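These are the residues of each chain, in order.
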Amino acid sequence: LMDFDGAVALDLFSGTGSISLELVSRGCSQVISVEKDPLHHSFIREVMERVKTDHCVTIRGDAFKFIKRCSTQFNLIFADPPYQMSGLALLPELIFSRQLLMPEGIFVLEHGDKSRFTDNPNFFQMRVYGAVHFSFFRAKGKANEEQTP
């Protein structure tokens, strides 16, 4: 299990921001919320203002462009892209090629049943809830060598 207290998290394809809000409420010191849709982005900002938190940075923009220019490392990255989005299969590779996860970090990718990530070297677990699949990834390295999936 992950300790969210003081964690730095990235919420890609944030939608209405429910994951970002949950991460803030669980004690993350910083959550970066990336959402392309202007109405959803505005909604996330309004909610964070209402709950009076400065622990969430909202960014209106394309998640792929954000990943390509990001230099921050995160304890947790959560991505809930549209299931039929082109480029979905590239997300784990982009995350790990940019070294966006801290050594003990976890990347969670929500996707439909047509996508499979079990061949990715950073993949360690998949959970299925109805038609919704969550693939879990972690950075390879000394921090994870002794851990079992």
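What counts, and where the lines are drawn
- Residues numbered from 1 in each chain as written.
- Predicted model: local features only at pLDDT ≥ 70, side-chain atom pairs only at ≥ 80, totals over all residues.
- Heavy atoms only, no water.
- Helix = DSSP H or I, 4+ residues; strand = E, 2+ residues; numbered from the N terminus.
- Buried < 20%, exposed > 50% of the residue type's maximum accessible area, 1.4 Å probe, protein only.
- Contact = heavy atoms within 4.5 Å.
- Pairing = 2+ DSSP bridges.
- Axes fitted to C-alpha atoms, helices over the stretch in contact; angles between N-to-C directions.

(A) Geometry of the environment of L76. Along the polypeptide, L76 turns up in strand β4 (residues 74-79). Accessibility expressed as a relative area gives 9% for L76, which makes it buried. Placed 25 residues apart in sequence, L76 and L101 show a C-alpha to C-alpha distance of 7.1 Å. For L76, the contacting residues outside a window of four places in its chain are M2, F4, V8, A9, L10, L23, I106 and V108.

(B) Up close: the sheet that holds strand β1 (residues 8-12). Sheet architecture is open: seven strands sit in the order β3-β2-β1-β4-β5-β7-β6, paired in mixed fashion. The open sheet has two edge strands with one neighbour each: β3 (56-60) and β6 (123-129). Averaged over all pairs of adjacent strands, the angle between their axes in this sheet comes to 15°, without regard to strand direction. Bridge count between β1 and strand β2 (residues 30-35): five bridges; the pairing is parallel. Bridged to V8 within β2 is Q30. This element, helix α1 (residues 18-25), spans β1, β2, β3 and β4 of the sheet and lies at about 175° to β2.

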